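Listed below are the residues making up each chain.
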Amino acid sequence: MTKLKFLKPSNKLEEGGRMSAPIQNDVCEPERNCPNCRKDIPLSRLWANQLVCSCGHHFRMGARERLNIIIDNDSFCELFTNLKSGNPLAFPGYKEKLSKAEQTSNEDDAVICGTALINKQQCCVFVMDSNFMMGSMGTVVGEKITSLFEYAKGYRLPVIGFTVSGGARMQEGLLSLMQMAKTSAAVKQHSDAGLLYIAVLTDPTTGGVTASFAMEADIILAEPSAIIGFAGARVIEQTTKKALPKEFQTAEFNLKHGFIDAIVPRREQKAVLSELLSMHNGGCNE
Amino acid sequence: MNNIPYERVKLARLNTRPTGLDYVNNIFTNFIEFHGDRRFADDSAIVAGVARLDGKPVTVIAIEKGHLPKERVMRNSGAPQPEGYRKALRLMKQAEKFGRPVICFIDTSGAFCGIEAEQRGQGQAIAENLMEMSTLCVPIISILIGEGGSGGALALGVADRVWMLQNAVYSVISPEGCASILWKDSTQAEKAADSLKLTAEDAKAFGIIERILSEQDIGEIAFYERIKSLLNEELKELTVEPDLIQKRYDRFRKIGVKEINKK
């Protein structure tokens, strides 16, 4: 455990993000296994590195933690917090799933929206949360994203959005599907008003979210090796009975085929987003 | 039996049902097919071009499944590739330029699910259609004639009016897919079909479609004549609508709002 000395928190971010147990002398500290390099990494060390393994693997991250590493301290002003999903189809088991998701994620639904500063530049942000039913889009996600683009259009602000989603939420049936059209229309209005929208696609961004607002940004960035696609890889394999190519649907695959602008590692995201905002006159083309 | 949603799913999938081209050939005259997306290829799962509706030029876009096994292979059973959606968008833009309405016929189990489709951006192609259709300056009417499978159907469904055949279904996921994800058992498709609320009546109740078209004389001349006169009527209204785009926006904007609980 000689490595531990190296782990001593050295900045505010590490302290804020670190799990409750002190790391200096805790030999039994919880660890997580990296699916890429197969090493066990102490949680504190992972948190200190924004949940990125030293091998470069990006672990999934909750919406609020992500927000903390992107925006200026205490600059988040949350919007549209009063919305909760009903069970419009009376879908069996959905109510229970919703309350369980609320407990595990501590959120009302799979996206948080608001205004924030990124290096003192004002913008609207949305961050999806994989801890809430794998970021699936139902009526609440659709309504919040739509409202955010409308708000951003009204105040002439750019939108920065982090996506993570398994797709449309099937427990809300057609109402979920229609959120794809609804959000897309709002993105279009914002875009036609000359305003900037940057999407950062994180692991996984699939289905109805890929086929709507994730792919509609002026600038589309992605985290390394994030899975980005429309149909699920397993479904494709089963339907076509063909072996999938290596790195299928990864960010690298999407970059190669021309569907994203750039892959940006987590630790560089704030700087890149800040510079892009600044290059676009704060995201407002007037 | 017709009231059981899964029976509707089976009916919607019957290969004896009229397909997209049957509607195109029986409702319109002088149809001239236009091919290709000008980017990569022509997708035969989507048939599109110009035609006359009672003499007036319109742009028609139809997903075609084919009837016979040979046709089904040729049409990829109506599962469009990204090129199909891009061709559709190209022709919608053309319709906008020349000021003619767009009529879409939707019948697909879903956008094609394959390696090449992903390589060529199936998600991006659908997303672009949703975005661009929302501000197209000419009237759009979409009719679901069989299966309305998820994003692959919606990509032609951002319209001013959306109608459904009585036995057509419109769903976020196939009942089989839903059952296998939720209950790890695709044989529970019947239960899933019931839960998904995918019938025309359900879609109307949620405000997702405006009209249900009766199938009592499906495939007969009178059936097509009826659709034709409904199209004429509706287009008469839509072509003089001053707030077409705003109304289309509002149409989708309100979907799902009243189903949300406000804390």
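See the structure above.
Caption draft 1: Broad picture of the packing of helix H1 (residues 5-13) of chain B against helix H9 (residues 189-196) of chain B. Residue and element names in this part refer to chain B. H9 packs onto H1 with a crossing angle of 100 degrees between their chain directions and a minimal axis gap of 7 Å. One finds that H1 runs roughly perpendicular with respect to H9. Along its contact with H1, which presents Pro-5, Tyr-6 and Val-9, the element H9 presents Ala-189, Glu-190, Ala-193 and Asp-194. For the contact of H1 with H9, the per-class residue count stands at five nonpolar, no polar and two charged.

Caption draft 2: Inspection of a positive patch on the surface at higher detail. Residues Lys-97, Lys-100 and Arg-234 of chain A together with Lys-184 of chain B make up a contiguous surface patch of positive charge. Locating Arg-234 of chain A in the fold gives a position in helix H8 (residues 233-240). Taking the relative accessible area as the measure of exposure, Arg-234 of chain A reaches 65% and is therefore exposed.

Caption draft 3: View of the pattern of salt bridges. Residue and element names in this part refer to chain A. Tallied over the full model, the rule gives 35 salt bridges over all chains. In this structure, Arg-66 engages Glu-223 in a salt bridge whose closest nitrogen and oxygen atoms are separated by 2.9 Å. Taken together, the residues Arg-66 in helix H3 (residues 63-70) and Glu-223 in the loop between strand E9 (219-222) and H8 connect sequence positions 157 residues apart. Assessed through its relative accessible area of 3%, Arg-66 is described here as buried.

Caption draft 4: Spatial organisation of the packing of helix H2 (residues 20-27) of chain B against helix H11 (residues 221-239) of chain B. All names here are of chain B. As a packed pair, H2 and H11 sit with axes 9 Å apart at the nearest point and diverge in direction by 75 degrees. One way to sum up the angle between H2 and H11 is to call them roughly perpendicular. Residues Asp-22, Tyr-23, Asn-26 and Ile-27 of H2 pack against Phe-223, Tyr-224, Ile-227, Lys-228 and Leu-231 of H11.

Caption draft 5: Representation of the side chain of Asp-160 of chain B within the structure. Relative to the assigned elements, Asp-160 of chain B resides in the loop between helix H7 (150-154) and strand E6 (161-165). A polar side-chain atom of Asp-160 of chain B sits 2.8 Å from a polar atom in the side chain of Arg-248 of chain B.

Caption draft 6: Up close: the side chain of Lys-65 of chain B. Residues and elements named next belong to chain B. Residue placement: Lys-65 occurs in the loop between strand E3 (56-63) and helix H3 (69-74). Residue classification places Lys-65 among the buried residues on the basis of a relative accessible area of 3%. Here Asp-107 takes part through its side chain, which lies 3.2 Å from a polar atom of the side chain of Lys-65. Side chain to side chain, Lys-65 and Glu-147 meet in a polar contact 2.6 Å long. Apart from residues lying up to four places away in sequence, Lys-65 is in contact with Ala-12, Arg-13, Thr-19, Glu-71, Arg-72, Arg-75, Ser-77, Gly-78, Asp-107, Thr-108, Ser-109 and Glu-147.

How each quantity is defined
- Residues numbered from 1 in each chain as written.
- Chains lettered and ligands numbered in written order.
- Predicted model: local features only at pLDDT ≥ 70, side-chain atom pairs only at ≥ 80, totals over all residues.
- Heavy atoms only, no water.
- Axes fitted to C-alpha atoms, helices over the stretch in contact; angles between N-to-C directions.
- Helix = DSSP H or I, 4+ residues; strand = E, 2+ residues; numbered from the N terminus.
- Parallel < 35°, antiparallel > 145°, perpendicular 65-115°, else oblique.
- Contact = heavy atoms within 4.5 Å.
- Nonpolar A, V, L, I, M, F, W, Y, C, P; charged D, E, K, R; others polar.
- Patch = residues over 30% accessible without salt bridge, like charges linked within 9 Å, V, L, I, M, F, W, Y side chains within 5 Å.
- Areas by Shrake-Rupley, 256 points an atom, 1.4 Å probe, with all protein chains shown as cover.
- Salt bridge = Lys/Arg side-chain N within 4 Å of Asp/Glu carboxyl O.
- Lys, Arg positive; Asp, Glu negative; His and termini not counted.
- Charge placed at Lys NZ, Arg CZ, Asp CG, Glu CD.
- Buried < 20%, exposed > 50% of the residue type's maximum accessible area, 1.4 Å probe, protein only.
- Polar contact = N/O pair within 3.5 Å; in protein donor to acceptor, adjacent residues only side chain to side chain.

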